[in-house]
Amino acid sequence: MAQYLGVDLGTQSVKVVVFDAHEGRVVARGQEEVLAPASPRPGAAEQDPADWWRAFELAMHSVLKQQGVDAKKIRALGVSGQQHGFVALDENLQGLRPAKLWCDLEAAAEAKEVSAWVGRPVPAGFTAPKILWFLRHEAELAKRLRHVALPHDWLNLRLGGRLATDHGDASGTGLYDPIKGVYQTAAAAQIHPDLPQMLLPLLQPQEQHSRLSSHWAKHFGLPEDLPLSVGSGDNMMSALGAGATQPGTWILSLGTSGTIFGATQNAVLDPTGAVAPFRDALGGGLPLVCTQNCTTVVEEARSASGLSHTELTALASAHQPSAKDALFLPYLSGERTPNWPHASGVVFGLRAGSLQPASLYRAAIEGASLALAQGLSRLQELSLPVSRLRLVGGGSRNPLWARLLCDMVQQPLEVCVEQETAALGAALQARWMESGVHPQDYGPKEESAALLPNSKMAEFYADRLQRYAELGRSLFG
């Protein structure tokens, strides 16, 4: 009769789920928005961890009051968090400044230097370039830096009082050797001689991180000494929650960013840098393609129209795709894949009617999808088997988007019913740590029937993808 708490600290909100092991499903969900990232300078994207905690508290209180939840049955808690964020801590474990997020591109120049030291491409959004930027641009404050934490590490610290991380989230810092499974201390020392000592200890996937402090156990009404799992990055946890624990199954996630990722036996190194060489939350590899702009682009088109997503989807679905349709390069906040941090959005091929709300909305969906299709092509070029595609994230709820993606990639596409896959994955990891039940033994219990591709659209989207790639290279490559 055990229940497990899973937390996902995201860019837009903090989500909490309760997974019931007996029923084999999520029985309660809570969600609270966080303040939108601040941009005090061009390219900056920052959030105050205090706002993460405010949202976490509200979401926790909400979910623990729901029917079907029994706090006495909760056996463990796991945390998922947005990757790459730089949380700077002093000797007293207090934050020195707002956290610089995954979508912060201020460190584009520093990323080139870090890439040379590491020996592979490191995008501006990774943690290491942000550290170098901080040391250079806020030098007086940086003298007090003693610990470098990621968002999920910060929440674990607040809950259990220990600073430690996992291999999955660490592999997104830019200072981790994904093949050897250790930090690249020589490269870290190039950034700052003391940086190797500021990086957090690495724990194994099934290892216990700490126990919930008595203060917070009493505050939330949870059992004393509740064990906390090590946690991981949101993509690593989403792989667990969406059932991508074996090679061949890939997750397409339509969130603030767009991602494609799946499990491999070992980490995968892509010399072009298009595929990130991540580790997963089980001890293997998690090759991942991430695009900087996804649902935010579609929301931009929606907000400009004043109509709802439902209204625009209905209007755009009635449109017959044409080679004359405008192409939308969705690089509204620069781009990570391709690595063009200074790119901007482009709507190319405007004709009469192209700026009508439904036309622009469909172009935004198509542009974000073409970016992901490019990434899928790169995975296939690396000879990674793609036998199953599963769709998650907020954008997956849009039937037009799911249909368009299915026709574009020309593979069956399963749409996961459970959308909070990162929070669910965190709960499953907590269960693994506490009871020994491996996440792959769970498997998503609820999913819709697979969408089947329309083969008549294959040539159309192949041509669109080629034009899209050529246009991007001509402008930003």
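**Quick word on the packing of helix α2 (residues 108–118) against helix α3 (residues 127–137)**
Here comes step 1: Two elements in contact, α2 and α3, have axes whose closest approach is 9 Å; the angle formed by their N-to-C orientations is 120 degrees. Taken together, the axes of α2 and α3 lie oblique to each other. Like other packed secondary-structure pairs, α2 and α3 cross with a definite hand, here right-handed. Facing α2, whose interface residues are Glu110, Ala111, Glu113, Val114 and Trp117, α3 presents Ala128, Pro129, Leu132, Trp133, Arg136 and His137.
Here comes step 2: Here the residues of the contact of α2 with α3 are counted per class, giving seven nonpolar, one polar and three charged.

**Quick word on the pattern of salt bridges**
Here comes step 1: The tally for this structure, following the rule as stated, stands at 25 salt bridges.
Here comes step 2: The closest approach of N and O atoms between Lys15 and Glu420, which form a salt bridge, is 3.2 Å. Here Glu420 lies in the loop between β23 (413–415) and α15 (421–435) and Lys15 lies in strand β2 (residues 13–20), a separation of 405 residues in the sequence.
Here comes step 3: For Glu420, a relative accessible area of 13% puts it in the buried group.
Here comes step 4: The residue Asp104 makes a salt bridge to Lys100 at a minimum N-O spacing of 2.9 Å.

**What about the packing of aromatic side chains?**
Here comes step 1: Under the counting rule described, the total for this entry stands at 12 aromatic pairs.
Here comes step 2: Ring centres of Phe56 and Phe220 lie 5.7 Å apart, and the angle between their planes is 80 degrees; on these two criteria the pair is classed as edge-to-face. Taken together, the positions of Phe56 in helix α1 (residues 49–64) and Phe220 in helix α9 (residues 214–220) put the pair 164 residues apart, joining distant regions of the chain.
Here comes step 3: The exposure class of Phe56 is buried, given its relative accessible area of 1%.
Here comes step 4: Accessibility expressed as a relative area gives 7% for Phe220, which makes it buried.
Here comes step 5: Among the aromatic residues, those joined into a ring-pair cluster are Trp53, Phe56, Trp216 and Phe220.
Here comes step 6: Here the guanidinium or amino end of Lys100 rests over the ring plane of Trp133, the centre of that ring lying 4.0 Å away.
Here comes step 7: Directly above the aromatic system of Trp53 lies the positively charged group of Arg158, at a separation of 4.2 Å from the ring centroid.

Parameters at a glance
Residues numbered from 1 in each chain as written. Predicted model: local features only at pLDDT ≥ 70, side-chain atom pairs only at ≥ 80, totals over all residues. Heavy atoms only, no water. Axes fitted to C-alpha atoms, helices over the stretch in contact; angles between N-to-C directions. Helix = DSSP H or I, 4+ residues; strand = E, 2+ residues; numbered from the N terminus. Parallel < 35°, antiparallel > 145°, perpendicular 65-115°, else oblique. Left-handed = near helix turned anticlockwise from the far one by under 90°. Contact = heavy atoms within 4.5 Å. Nonpolar A, V, L, I, M, F, W, Y, C, P; charged D, E, K, R; others polar. Salt bridge = Lys/Arg side-chain N within 4 Å of Asp/Glu carboxyl O. Buried < 20%, exposed > 50% of the residue type's maximum accessible area, 1.4 Å probe, protein only. Phe/Tyr/Trp six-rings, centres within 6.5 Å; stacked < 30°, edge-to-face > 60°. Lys NZ or Arg CZ within 6 Å of the ring centre and 35° of its normal.

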